[in-house]
Structures are given as C-alpha cells and as structure tokens.
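Chains, contacts and geometry: an overview
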Amino acid sequence: MGAGGFAIVFLALFLASDSPDIDAGFTACKATPSKTCLTDWGVEKALAQDSLPPYLRAVDQLARMGRIEDARALEFLVQKGVGETLDVAGARADRRVASHRLAAALRSGTPLADSIRDIPEMDAGVLWIAALDLLDRNPYGAARHPDTQPANWVLTTVSNMAHEIQVIAASGSERRKRSHFTYAAELFAAVGDRQAALDALLQIPDAEDTYLHMSPDLIKAIGVDKARDLNSRAGKRMPLALLSLATAEDNDERAADLFVAAFDAFASRTPSPDFSFMFRTVRKAVDQGHADLSLRLAKQMAQLADKTPSSLPVFGHIDAARALSVAGAPESDIRESIDKALALFPENPSKIVGVGLVSGPIIWGASGLDASARIELSNLFARIGDLESAERLMDGLERPVGWWSSVLSPEIPVEHLAPLLLVASKTLNDSEMAYLRASLAADDVANHSTAEHRAWALSTVKNLLEGEALTGQIAVETYLFALRVATESGAADLNDLALERLARAAVNSGRYADLIRAGFEWHRADHG
C-alpha cells in the first residue's frame, strides 16, 4: 500500500459522532454486533451530520448492500456539503446511485427497456458501470476479473446494454463517441461477441491524435493487428498503445518486438525520456516472462539516465535501479544506479528544482520529492538486504507509518522483513506496527507473491487476530487488511475472527464510516 493510500485511513476520523442519543439506541449492537445493526447505526450517525465529505465510499457500500435509498441520502448530504442547491444535490444524488438502481432492477428480473425508462438519470456511463457490476468486475473498487463464466441471462443482458450504449453514442460528440463506442466494444468482448466489438470500434470517427484505450481482453478479442490499426493515429500516446498491445500479444516474438517499440518510444519522448513508463515497460515484460529482454532494457535505462539531460535526474537513476531490480540484474548494477541517484540529491533542501504551471516554484524538500526519492531508495536497499542504508534514508521522515507502508513491498525477501520491522518499531507505536504488518501481509497476498511470502502473511495475520484486541484510530483499517488476507487464503476460522474483531473495532471507534464498512464486510461474507 502506498503512502497516498494511507491518507484515506484518516478521511473521516474527524467525523466521530457528537450524538449520544443515537449511540444509546444501539446498546444491543454493542453487545452483539450484526450486519444489520452495524449498518443501521452507521447510517443514523451519518445522517446526523450537517454535511459529509466528497467521494464517500460508504455511498457505494450501502448501495451494494441493497440499501440504495440510504446511499442516496448520504450522497445528498455530500452534495449539500459542497454548496449545491437542494434541487441540484438531489439530482446528483440520483445520478450517483443510478447504476446501482439499474443493476438491482435487472437482477430482480425487470426487463432492460423498463429499467431504462424508470431511471431518468440513464446514460452511457450508467449502463457501462451497471454492466460491469453484472459481470462481477467490481466497478466500485479494485477491478477484478472472475474466473467463472457469467450466467446466460447476464451475457444476454450485457450484450443488450452494449447495444443501448451504441444508440446513445451515435448522437454524441466526437469525444463521447470515442469513449462510448469503446465501452460498448469492451462489453461485447466480455460476452464473447468479437464481431460486435470490432463493429463498435469501427464506428469511432477517425481523427488525428485519437487514442483508444483498450483492455487486454478487448485487444485479444479483435486481434492485436486490428487493435494496432485502430490506434495508428494515436499521436503522442502511441507508446501507451504499443505497451497495451505488447501486454495482450500471445506470440512471444511479436510481444518482444512490441515491448521494444514501446520502450524506444518512451525513451524518445521530449524534452526528456519518460523513465517512469520505461520502468513500467520493463516490469510488464518481466510479468510476461521476457527475462532476457527485460534485463537488456533495464540496462539501457541505466545508460540513458547517465547521458540524457532531465529536469529531475535523481528519479531517472531511481527508475533505472527499480528496473534493474525487477529484471534480476546483479546487485552491483543496482547499487551503481542507486549511488548515482544519491549523488544527485540537492545538498540544500530548499533548492528550486523546477517550476510548475500552476504551483510555481518546486522546492526539493517541501514538494514531497525528497521524501518520495528516499522512500524509493529505501525500498531498493531493503530488496538487496542493505538494511542499514534503508534505515538511514528513512530517518526524519514525517508520517512514518505511511512511509514505512510504501517502503515495505512484496518484492523484499522474507528473510529481510523481521529486521526491517524491528527498525520500523523504533519510531512506530504498537497499533501502527500492527497496521504496518497487516498492510504488508495484504500486499503480499494481493500481489500473488511467493509461497514464503504467503506463509509469512498468513502467520502474521493469525498472530494479530489471536492477540490482544486493537483499539485506536487505525484499528478498523488494520482488521480490514487482516480480513483480506484471511479471505484470499481461504482460512475460514481466521475469516470469522477477523470479521468479529472488525465489528468490535468499529463499535469502539463509533465513526459512521467504520460502522458502515464493518456492516458491508459482514454482508459480503454472507453473500460472497
């Protein structure tokens, strides 16, 4: 989990209820939590607020539980909080839950035509999101791709929804045609209708600098050659198209040629090479099994970082070191790039290293660049076992638990984790250490790491759940990580224990977002 994601933990911490009457009505829930009472309590507390913050995840969680009117009520408060009039707030709340309404109606057996007629907010986006929901692609969170084939009624309904999107796209602007016909093509590909997917894409107006962002599934459905033809006028975004094509290509030789073409295109960008996307190219090549090619490209990155001017040369060497690491380069090569990056750190943290069009002068120490570089390098040192250097670079960083969550990644060998966690414990308290261990365990499981990492993750979560109950502001997030590990590992006993600890932590916190999230997780456990 990255440092940016950690900030989400604190999104609603200031929203603890000041309504003791509400809490008094849920005495039984405190004694015996349940899915219903946790959610009811959270909704009551949320509705007691004068306004709610934007992008509230509880809205989608409630809607996915079938509590669409509660979800709409919360979104109404969100819109009210940003200053919208009552009419506008109501309309935007209806729009926010429209895809949930549509999916629920279709699951209940309501015909598509009737469902469309009954939802005034209907548009291509609502159809697209609801279709992904029916396909179990989880459009409201981290995308997934289920292994199981959807039911026949789902395939038929999604195909009809794709046709409806095409009808809407036909009368839209050029930009909307591009996005909406691509939506339709993606859905046709998902239900196995290759020709319909291709026909949808062919309706997109041909124009300069037209980049069609296609998923690997869609590219495979219509064929890599056809996908390349359709993106032949992608202009500045052609490197992105080439990288997508390479990822979708099954033929190893052709895929290697596409990876090289994408890498060269990123390397040729002006005014300086795009080292970040060059690294992504190397990483995807590794993931596709192109070991020799990825190592060769990583070494080219290191050479390019040496001789090509860049506004932030520190990061060129850091990205080169990252590429060398994932490509399996010798430690000496990785260290060489690390040393070059460190040598380019500004001696004065107040040095201006660039000028933003909006932000103005970019100061090395105040912009987050210094912290970001130190975190990346600490992670690289940890991967090669230089724990002393990793610790030294972490010294003095603010928000240490967030930064440590970024440093400790699934790529670090298991044997280095215990000493690194010992170092982290010098600056983190017990609850922060529990959070750090649980987040790393969840990352290990999510990234399909080695058997050793998965065993470490399960053992870590087992110890956490069987130990003393956690309290404090990040207890709920910690137990959510533990629940993720237990669920992904198929450990039913730990899964039940994680749900129980999560509910108790939510009750103890008393925050509406925690209570709704706990209720949502109990709902998912019941319904899969």
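Located above this text is the structure these notes cover.
In this numbering scheme, every chain counts its residues from 1 along its sequence in written order. Residue-level local features of this predicted model are given only where pLDDT is at least 70; pairs of side-chain atoms are given and counted only at 80 or more, and the full residue set underlies all totals for whole chains, interfaces and linings. Only hydrogens and water are set aside when side-chain values are computed; all heavy atoms of the structure are taken into account.

**Re empty space enclosed by the protein**
For the record, the criterion: Both cavities and pockets are sets of points on a 1 Å grid over the protein atoms alone; in a cavity a 1.4 Å probe fits but cannot get out, in a pocket the set is open with protein on both sides within 12 Å along at least five of seven lines, and lining residues sit with an atom within 4 Å of a point. Grid points are joined across faces, edges and corners, and a volume is the space filled by probe spheres set on the points. In this text, helices come from DSSP runs of H or I with a minimum length of four residues, and strands from runs of E with a minimum of two, each type numbered from the N-terminal end. Amino acids are sorted into nonpolar (Ala, Val, Leu, Ile, Met, Phe, Trp, Tyr, Cys and Pro), charged (Asp, Glu, Lys and Arg) and polar (every other residue, Gly among them).
A complete count under the given rule lists two cavities of 30 Å³ or more for this structure. Of the voids in this model, the second largest cavity is the one considered here, and its volume is about 30 Å³. Around the second largest cavity, the lining residues are Tyr211, Leu212, Met214, Ile219, Asn231, Ala241, Ser244 and Leu245. Of the residues forming the lining of the second largest cavity, the biggest block, three residues, is contributed by helix H15 (residues 238–248). Its residues placed into classes, the lining of the second largest cavity shows six nonpolar, two polar and no charged.

**Section: the environment of Ile119**
Put simply, the rule is: The contact definition used throughout considers only heavy atoms, calling two residues in contact when any of these lie within 4.5 Å.
Along the chain, Ile119 falls in the loop between helix H8 (112–118) and helix H9 (124–134). Taking the C-alpha atoms as reference points, Ile119 and Arg101, 18 residues apart in sequence, are found 7.8 Å from one another. Those residues within four positions of Ile119 in sequence are excluded, and the remaining contacts are Ala98, Arg101 and Leu102.

**Quick notes on the nonpolar core**
Applicable threshold: Nine residue types can take part in a nonpolar core, namely buried Ala, Val, Leu, Ile, Met, Phe, Trp, Tyr and Cys, and a core is a set of them joined through side-chain atoms within 4.5 Å. Burial classification: accessible surface area is computed with a 1.4 Å probe over protein chains only, and a residue below 20% of its type maximum counts as buried, one above 50% as exposed, and the rest as partly exposed.
Counting residues in each nonpolar core, the largest one holds 154 residues, and the members touching the most others are Leu102 and Trp404. Non-local contacts of Leu102, meaning those with residues more than four positions away in its chain, are made with Leu112, Ser115, Ile119, Met122, Val126, Leu127, Ala130 and Met161. Counting 16 residues, the second largest nonpolar core, distinct from the first, contains Val43, Leu56, Val78 and Tyr512.

**Considering helix H16 (residues 252–267)**
Condition: Expected span of a helix: the number of residues minus one, times 1.5 Å. Polar contacts, as used here, are pairs of N or O atoms within 3.5 Å; protein pairs need one atom able to donate a hydrogen and one able to accept it. Residues neighboring in sequence count only if both atoms are side-chain atoms.
Taking 1.5 Å as the rise per residue, H16 with 16 residues should run 22 Å; its terminal C-alpha atoms sit 22 Å apart, in good agreement. For H16, the set of buried residues is Ala255, Ala256, Leu258, Phe259, Ala262, Phe263, Phe266 and Ala267. The inward-facing, buried residues of H16 contact helix H14 (224–230), H15, helix H17 (275–287) and helix H18 (291–307). The opening residue of H16, the one whose side-chain oxygen lies 3.1 Å from the backbone nitrogen of Glu253, is Asn251.

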